[in-house]
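# A closer look at the structure
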Amino acid sequence: MIHNNIKQLTQYALDNGLIKEEDKVFTTNALLELFELDELEEENAVSNETFSLEKTLNEMLDYAVAQGIMKEDSIVYRDLFDTKIMSKLMPKPSEVIRTFWDEYKKSPETATDYYYKLSQDSDYIRRYRIEKDVKWVTDTDYGKLDITINLSKPEKDPKAIAAAKLVKQSGYPKCLLCVENEGYAGRVNHPARQNHRIIPIEINDQKWGFQYSPYVYYNEHCIVFNGEHTPMKIEKNTYVKLFDFVKQFPHYFVGSNADLPIVGGSILSHDHFQGGHYQFAMADAPIEDTFVIGGYEDVEAGIVKWPMSVIRLRSKDVTRLVDLGDHILAAWRGYTDEAAFIFAETDGEPHNTITPIARKNGEVFELDLVLRNNITTEEHPLGVYHPHAELHHIKKENIGLIEVMGLAVLPARLKTEMEQLETALLAKEDIAKNEALAIHADWAVEVVNKHPEMNADNIHEIIQEEIGIVFAKVLEHAGVYKRDVEGKEAFMRFVETL
């Protein structure tokens, strides 16, 4: 079977443009060497019409385990080895870069189409895992929110966790975003990236990299990162960099996580942005209150109808957006409003920052500035402007850029818990007495009381809808100003200082 696997995988690479006809023998021999084979034997021919990359790789991994080529048969070791398999099919970085910029001459969208397909065909983006993510859309007062239960990140098995503890800590690559990841074989505590290719781009006269996220939470989910391992910082140059990218790839939005813990992203040590070819609910949300800022009368400005606190700026002149964005950032960094429980700092620790998002909308550039504050209290140790305890049964993790824009990335545990909850509710069980579901008990009572029409035919849709409504509340909790009259008045007090 391994011989047919090698033939099929080589043909797959040829069919999808990973290799050319002249590379076929070379690729075959590289795979033979990997599997410690001296020759390619004839087996019963298998058609590539029914080819499955996932199935073929699994068969090859099983062979590697049986032959002792792999150290362990676990998800971590299988991921390391199947990436090594796919590396034998990959074009060199220089070839990918040359093709990308050749395609860019046709259009930026043609270039990203090529690169996105390559990133999937190479199995860097594992399509068959992404397809397992549970996704739906919920209608709310703020538009259609995207809800996902993330199942594409594999759970590490106990053996791999134990092995990782024994591995000597390495500073290479320094983090998951460093350019040194390209082609890296990986280890038990760092993913393999031998099938990964990076496109070098210039941002604000600096060398940056452009790549896709291997977990693609939305269409063409990309990461744009500094070529140097330097910490994230929201400043005037951040806006310059965001618009530098948008001008090069006008069909993409791009945004940055905030630069403080709790309200920031998971990797604050490396300056980077996230973007993509996707229209989030926040981008569709209208401006509900407009205002004029002195000295910037030519820039449209207003408060967005959104659960979080968002100022939108619009202009055809990027320079004006950058200057005004910097003016608002400086004002917010130093702003305190005790009546609204907003403190610029406590005991010397800064709390105010911004999550910025840039896009081009027709002929006009837009800059959304999401006001953030990471203050904590005894009542809310994870953050006052963070999902509060009563919502933790659905979402406890930090609210980063992706959630800010209206896409919930919910933990994998929810899939099983919601399936069990549906069964328990239909059986009229006491949820509070069910150890696995007790965290959802109070919420479940509310859902049942709200939906007397609930039955076996509609319970799944009802639960999904209610999860979406909880996510809207999560975003409201993350907003520094409440969505009521008092909150709007407090928001305008800040605007009046600009």
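Structure: see above.
Residues numbered from 1 in each chain as written. Predicted model: local features only at pLDDT ≥ 70, side-chain atom pairs only at ≥ 80, totals over all residues. Heavy atoms only, no water.

## Considerations on the sheet that holds strand β15 (residues 407-410)
- Spatially, β1-β2-β15 is the arrangement adopted by the three strands of the open sheet, whose pairing is mixed. For this open sheet the edge positions go to β1 (134-140) and β15, each flanked by a neighbour on one side alone. Recorded for the sheet is a direction-independent mean angle of 20° between the axes of neighbouring strands.
- Looking at chain direction, strand β2 (residues 143-149) and β15 are connected through four bridges and run parallel. Following the sheet pairing, I149 is matched in β15 by L410. (Pairing = 2+ DSSP bridges. Helix = DSSP H or I, 4+ residues; strand = E, 2+ residues; numbered from the N terminus. Axes fitted to C-alpha atoms, helices over the stretch in contact; angles between N-to-C directions.)

## What about the nonpolar core?
- Core analysis: the largest hydrophobic core is formed by 95 residues, its most contacted members being L9, F210 and Y481.
- When residues in this core are grouped by element, the largest group, seven residues, is from helix α11 (residues 318-333).
- In this structure F210 touches F100, T112, Y115, I198, I199, I201, C222, I223, V224, F225, F245 and Y252, once residues within four positions along its chain are discounted.
- Ranked by size, the runner-up nonpolar core spans 51 residues in total, among them W306, I399, A424 and I463. (Core = buried A, V, L, I, M, F, W, Y, C linked by side-chain atoms within 4.5 Å. Buried < 20%, exposed > 50% of the residue type's maximum accessible area, 1.4 Å probe, protein only. Contact = heavy atoms within 4.5 Å.)

## A closer look at the sheet that holds strand β10 (residues 310-315)
- In spatial order, the strands read β3-β4-β5-β7-β6-β13-β14-β10-β9-β8; together these ten strands make up an open sheet with antiparallel pairing. Across the chains shown, the open sheet's two edge strands, defined by having one partner strand only, are β3 (199-203) and β8 (287-291). Averaged over all pairs of adjacent strands, the angle between strand axes in this sheet comes to 25°, irrespective of strand direction.
- Packing against the sheet, helix α9 (residues 236-248) makes contact with β3, β4 (206-212), β5 (222-226), β6 (253-255), β7 (272-276), β13 (352-361) and β14 (364-373), and its axis sits at approximately 20° to β13.

## Comments concerning the environment of D442
- Within the secondary structure, D442 is located in helix α14 (residues 441-450).
- Classification of D442 by relative accessible area gives exposed; the value is 64%.
- Separated by 52 residues in sequence, D442 and E390 place their C-alpha atoms 8.8 Å apart.

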